[in-house]
Amino acid sequence: MAVKVTPACMGCQACITACPHEALFINEDGLCQVIEDKCIECSECVGVCPVTALELAKQLDTTEYVASQKLPEKQESETTPTTEAAAQLSGDLGKYKGVWVFIEQREGEIAPVSLELLGAGRQLADKLGVELAGVILGYQICGSETKLYEYGADKVYLVDDPILRYYRAETYMQVFVKLVQQYLPEIILMGATTTGRDLAGAVATELETGLTADCTVLDIDLQQRLLLATRPAFGGNIMATIISKNHRPQMSTVRPKVMKMAKPVPGRQGILIKSEVDLNEADMLTQVLRIVQDQGDKINLQDAEIIVAGGRGLGDKENFQKTCYGLAEAIGGKVGGSRAAVEAGWLDHKYQIGQTGITVAPKIYFALGISGAIQHLVGIRGSDVIIAVNSDPEALIFKECTYGIVGDATKIVPSLIEPLRELFKGKGSRDTAKGEGGTRCA
Ligand code: FAD
């Protein structure tokens, strides 16, 4: 096994000096190449590559995972390397076993990110040879375990109590921490949603353990039995792989749409463990008095199948509207943009895609006048097809896209609108309308 170089490589040489085994060189095309005999997949190069062009061959491929029908075989067979590694884990750390996913739900409806994390968690659990469990807290949620088994959980810890009806950091943290202290999982994954981020921070603080937020890749170092949690760092200029050597559980949050959901296996069974709550409403510092539903814009770019995104290259707001909303309206897509477009005031921040915006995973992503900065790319890598239009043939986006057109997007795109309207007839979500001031697309 050796590190793989993807077409994103731009020959910057950052990896060459980082490699302690002299296993990389720049070939005659000016791109990085791996000397397979020398590479031991230590991942030093992966962390320094500014365009994430290097991948571990053993890295998770979440796209291909299908939840296994079988429960994992009993893990602690004496010959597995994980057992040896576990034995070396000092004292109490070795007692922690299993991968947990916090299952976020609202009024009984499970958040898609939790199912995505069951897919990723399943792979981690299989690598470690341990069980995958979903942990669901709430009120009148009995029965939701069935879906969790189908998406890969071997076990579900379920706590059903009126005190847990609405999320509160105070109640959820106490119940979750108690479960962790009782069952000692080695890894906990949570969605990087408003709730997940809040709860993860509170739980990690209470347990005095490490938490890596907004991970984009999760993997296992089997030798040391460590979670390798990779995320953009230093403003997205490097991908850092973070480990928690001395504390358990190892915690990570992952944004929605970063991991692909596993295919459910209907009828898959698991084990249900119900726990009681030992909390008194009267002792709680916070109370939920009422829930006010947001009546505003219901656009959810994260669920869009087609996204037309524009960047600074479109020149001005008028061009942005004409090209992005024009194309989106014709093919039933939704409109998003780069940070530069948002900062120029062409669309609202909630439509910003990328590291400090949202992560999307549409079937088709149009990048119009977008350069392909790493901070933008991390938000679109889950897209099935990326179509880029850029006047600069050297633009980074061309290293990442499926199809690229070199030219002026403000001229090319309007000329494609009618032919594409015909082509897409009856396809797409058809819920896009011309935006007022570029801020609405619903
Ligand atoms: P530019 O980089 O200016 O690129 C414009 C592109 O348009 C160029 O490639 C140019 O060749 C092309 N062009 C020019 N004219 C035309 C034309 N007529 N037709 C076609 N193409 C044309 N950015 C994000 O997008 N999302 C984020 O979440 C995000 N978070 C960030 C977080 C941090 C901490 C930092 C430091 C930066 C972040 N950025 C983010 C900013 C990011 O680094 C880039 O600056 C930004 O993505 C650039 O936007 P752009 O591609 O629209 O503009």
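This structure is a prediction, so every number in the text was calculated from the model and none was measured.

How each quantity is defined
Residues numbered from 1 in each chain as written. Predicted model: local features only at pLDDT ≥ 70, side-chain atom pairs only at ≥ 80, totals over all residues. Heavy atoms only, no water. Helix = DSSP H or I, 4+ residues; strand = E, 2+ residues; numbered from the N terminus. Buried < 20%, exposed > 50% of the residue type's maximum accessible area, 1.4 Å probe, protein only. Areas by Shrake-Rupley, 256 points an atom, 1.4 Å probe, with all protein chains shown as cover. Salt bridge = Lys/Arg side-chain N within 4 Å of Asp/Glu carboxyl O. Near = heavy atom within 4 Å. Polar contact = N/O pair within 3.5 Å; in protein donor to acceptor, adjacent residues only side chain to side chain. Nonpolar A, V, L, I, M, F, W, Y, C, P; charged D, E, K, R; others polar. Pairing = 2+ DSSP bridges. Axes fitted to C-alpha atoms, helices over the stretch in contact; angles between N-to-C directions. Contact = heavy atoms within 4.5 Å. Core = buried A, V, L, I, M, F, W, Y, C linked by side-chain atoms within 4.5 Å.

Glancing now at the overall build of the chain. Each helix and strand counted, the chain has twelve helices and 21 strands in total. Residue burial in the chain is summarised as follows: out of 442 residues, 52% are buried. Put simply, the chain shows about 20,700 Å² of open surface, and 50% of that area lies on carbon and sulfur atoms.

In a structure, side chains of opposite charge can pair up when their charged atoms sit close to one another. Across all of its chains, the model carries 20 salt bridges by this definition. Of the charged contacts, one joins glutamate 107 and arginine 165 as a salt bridge, the two residues approaching to 3.6 Å between their closest N and O atoms. With a gap of 58 residues between them, glutamate 107 in the loop between strand 6 (105-106) and strand 7 (109-110) and arginine 165 in the loop between strand 9 (155-160) and helix 6 (169-183) connect regions that are remote in the sequence. For arginine 165, a relative accessible area of 40% translates into the label partly exposed. For aspartate 303, the salt bridge is made with lysine 257, and the minimal N-O distance between the two is 4.0 Å. Highlighted residues: aspartate 303 in the loop between strand 16 (271-275) and strand 17 (306-310) and lysine 257 in the loop between strand 15 (250-254) and strand 16, separated in sequence by 46 residues. For lysine 257, a relative accessible area of 25% translates into the label partly exposed. Taken together, the salt bridges that share partners define one network made up of Arg122, Asp126, Asp154 and Arg268.

Within the structure, the ligand sits among 26 residues, and Arg312, Ser338, Thr356, Ser371 and Asn390 are positioned closest to it. Here an oxygen atom of the ligand and a backbone polar atom of glycine 369 are 3.1 Å apart. Within the backbone of alanine 409, an N or O atom sits 2.8 Å from a nitrogen atom of the ligand. Where the shell around the ligand is concerned, the elements lending two or more residues are helix 9 (339-343), helix 10 (374-377) and strand 20 (385-390). In the shell around the ligand, the residues fall into six nonpolar, 16 polar and four charged.

A word on the sheet that holds strand 9. The seven strands lie next to each other as 11-15-10-5-8-9-16, forming an open sheet whose pairing is parallel. Here the strands that pair on one side only, and so sit at the sheet edges, are strand 11 (211-215) and strand 16. For this sheet, the mean angle separating the axes of adjacent strands, direction not counted, is 20°. One ladder, built from three bridges, connects strand 5 (residues 99-103) with strand 10 (residues 187-191); its direction is parallel. The residue bridging tryptophan 100 from the neighbouring strand is isoleucine 188, located in strand 10. In this fold helix 6 packs onto strand 5, strand 8 (132-138), strand 9, strand 10 and strand 16, with an angle of close to 150° to the strand it touches most, strand 8.

A cis amide bond links arginine 248 to the next residue, proline 249, at an omega of -5°. Mapping proline 249 onto the fold places it in the loop between strand 14 (238-242) and strand 15. Here the phi dihedral of glutamine 140 falls at roughly 55°; this positive angle occurs in a residue that is not glycine. Topologically, glutamine 140 is positioned in the loop between strand 8 and helix 5 (145-150). The class for glutamine 140 is exposed, based on a relative accessible area of 63%. Although it is not a glycine, aspartate 214 sits at a positive phi angle of roughly 55°. By the secondary structure assignment, aspartate 214 is in strand 11.

Further remarks concern the nonpolar core. Core analysis: the largest hydrophobic core is formed by 44 residues, its most contacted members being Phe320, Leu327, Ile331, Tyr365, Phe366 and Leu368. When contributions to this core are tallied by element, the ones reaching two or more residues are strand 17, helix 8 (317-331), helix 9, strand 19 (364-368), strand 20, helix 11 (397-400) and helix 12 (409-423). Examining the composition of this core, we find that seven residues originate from one element, helix 8, more than from any other. Aside from chain neighbours lying at most four places away, what touches tyrosine 365 is Ile307, Ala309, Ile353, Val360, Ile370, His376, Ile380, Ser383, Val385, Ile386 and Ile387. Counting 32 residues, the second-largest nonpolar core is a separate cluster that includes Leu118, Cys215, Leu218 and Val254.

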